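# Per-entry structural report
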Amino acid sequence: MAVLKINGQAMDFADDLPGNLAGLLEHLKVDEATVVAEIDGDIISRSDFVETVLADGQKIELIKLVGGG
Amino acid sequence: MSKLTRQQFDEMLIERHGADVHKKLNASTVGIAGLGGLGSNVAAALVRMGVGRLIITDFDIVEPSNLNRQNYRLDQLGCDKVQATIENLKSINPYVRIDGFLTKLTGDNIPEIFRPCDIVAECFDSARAKQMLIETVLTKMEDTIVVAASGLAGYGRSNAIKTEKINSRLIITGDRQSGIEKGLPLFAPRVTIAAGHQGNAIIELIIDGF
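Residues numbered from 1 in each chain as written. Chains lettered and ligands numbered in written order. Predicted model: local features only at pLDDT ≥ 70, side-chain atom pairs only at ≥ 80, totals over all residues. Heavy atoms only, no water.

## Some remarks on the packing of aromatic side chains
All names here are of chain B. Heads up, the condition is: Stacked, tilted and edge-to-face are the three classes assigned to paired rings of Phe, Tyr and Trp, where Trp is represented by its six-membered ring and a pair needs centres within 6.5 Å; plane angles under 30 degrees give stacked, over 60 edge-to-face, the rest tilted. In this text, helices come from DSSP runs of H or I with a minimum length of four residues, and strands from runs of E with a minimum of two, each type numbered from the N-terminal end. To sort residues, take the accessible area from a 1.4 Å probe on protein chains only and compare it with the maximum for the residue type: under 20% means buried, over 50% means exposed, and anything in between is partly exposed.
According to the stated counting rule, one finds 2 aromatic pairs over all chains in the structure shown. An angle of 70 degrees between the planes, with centres 5.8 Å apart, marks the rings of phenylalanine 9 and tyrosine 95 as edge-to-face. Here phenylalanine 9, found in helix H1 (residues 6–17), pairs with tyrosine 95, found in the loop between helix H4 (81–92) and strand E3 (97–101); they are 86 residues apart in sequence, far enough to count as distant. Residue classification places tyrosine 95 among the partly exposed residues on the basis of a relative accessible area of 22%. On the basis of an interplanar angle of 25 degrees and a centroid distance of 5.9 Å, the ring pair of tyrosine 155 and phenylalanine 187 is categorised as stacked.

## Quick notes on the confidence of the model for chain B
Quick reminder of the rule: pLDDT: the predictor's confidence for each residue, scored from 0 to 100.
Across chain B, the average pLDDT comes to 97, with 99% of residues at 70 or higher. On the interface metric, ipTM, the complex scores 0.94, and its pTM is 0.96.

## Thoughts on the pattern of salt bridges
All names here are of chain B. Selection criterion: Each reported salt bridge corresponds to a side-chain nitrogen of Lys or Arg within 4 Å of a carboxyl oxygen of Asp or Glu.
Within the structure shown, the criterion is met by 10 salt bridges over all chains. Of the charged contacts, one joins aspartate 75 and arginine 73 as a salt bridge, the two residues approaching to 2.9 Å between their closest N and O atoms. According to the relative accessible area criterion, aspartate 75 is exposed, its value standing at 55%. Here arginine 73 falls in the partly exposed class, since its relative accessible area comes to 36%. Arginine 190 is the partner of aspartate 175 in a salt bridge, and the nearest nitrogen-oxygen pair spans 2.9 Å. Of this pair, aspartate 175 sits in the loop between strand E7 (170–174) and helix H7 (188–208) while arginine 190 sits in helix H7; the two residues are 15 residues apart in sequence, bridging distant segments of the chain. On the basis of relative accessible area, aspartate 175 is assigned to the buried category, the value being 10%. Given a relative accessible area of 2%, arginine 190 falls into the buried group. Through salt bridges with shared partners, a single ionic network connects Arg53, Arg97 and Asp99.

Next comes the structure, spelled out in structure tokens:
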């Protein structure tokens, strides 16, 4: 059992914690091209999403952007 | 033709804003990433306030479809937005220092172009470009604050547009959901409200500190 706190909400992942940040975004159906991700206070570059391994208890902020300007 | 000398212009600003505020504004440098509906309006507000230096960037030209919300004139169609913006800003306050870059911003050139900036205003149209700018400044420019905008399409719902402090170096204005991806059009008043939030957040950061 693993728990991630995503945008303030605890999410349980029984045995299927997505292995990395890219997997989590896919699971949540979040477009990785339009989200700024922060894990435990550190901004993760988009190019590092695949190699960023997730661990139980992390606080993840997903800052989604929409177009228009 | 300027009818006020630099000294007279400074005196006017000091009279309006107070000497302390004027000094802080005059000493600050703000970057504007994108000169569309957000950037052209944010820049105008900052120049009126007497922000000392702006670094403005855009790779595009003024097109007819811009005129419904962006701070350009009919006679500027076809001009590049950097030159048109410099012309407009100088006609408001000729004494501001403006560095213009007619270029497409990337993760590689952003730290170099915006190096002198205390604050960068994210004023792009596309969500991908917004992501790229925010990520780049936060990961590669450790002393710089980003004031971004997300969710400003459509009309009405003025009070849904907010200024939110996301972390110690990122502020986002907008309602966070009204995007062009939903097919919503971009209208002058609502874009300008978000730009006003950005300008206001930037002024607050300059006056009250980070």
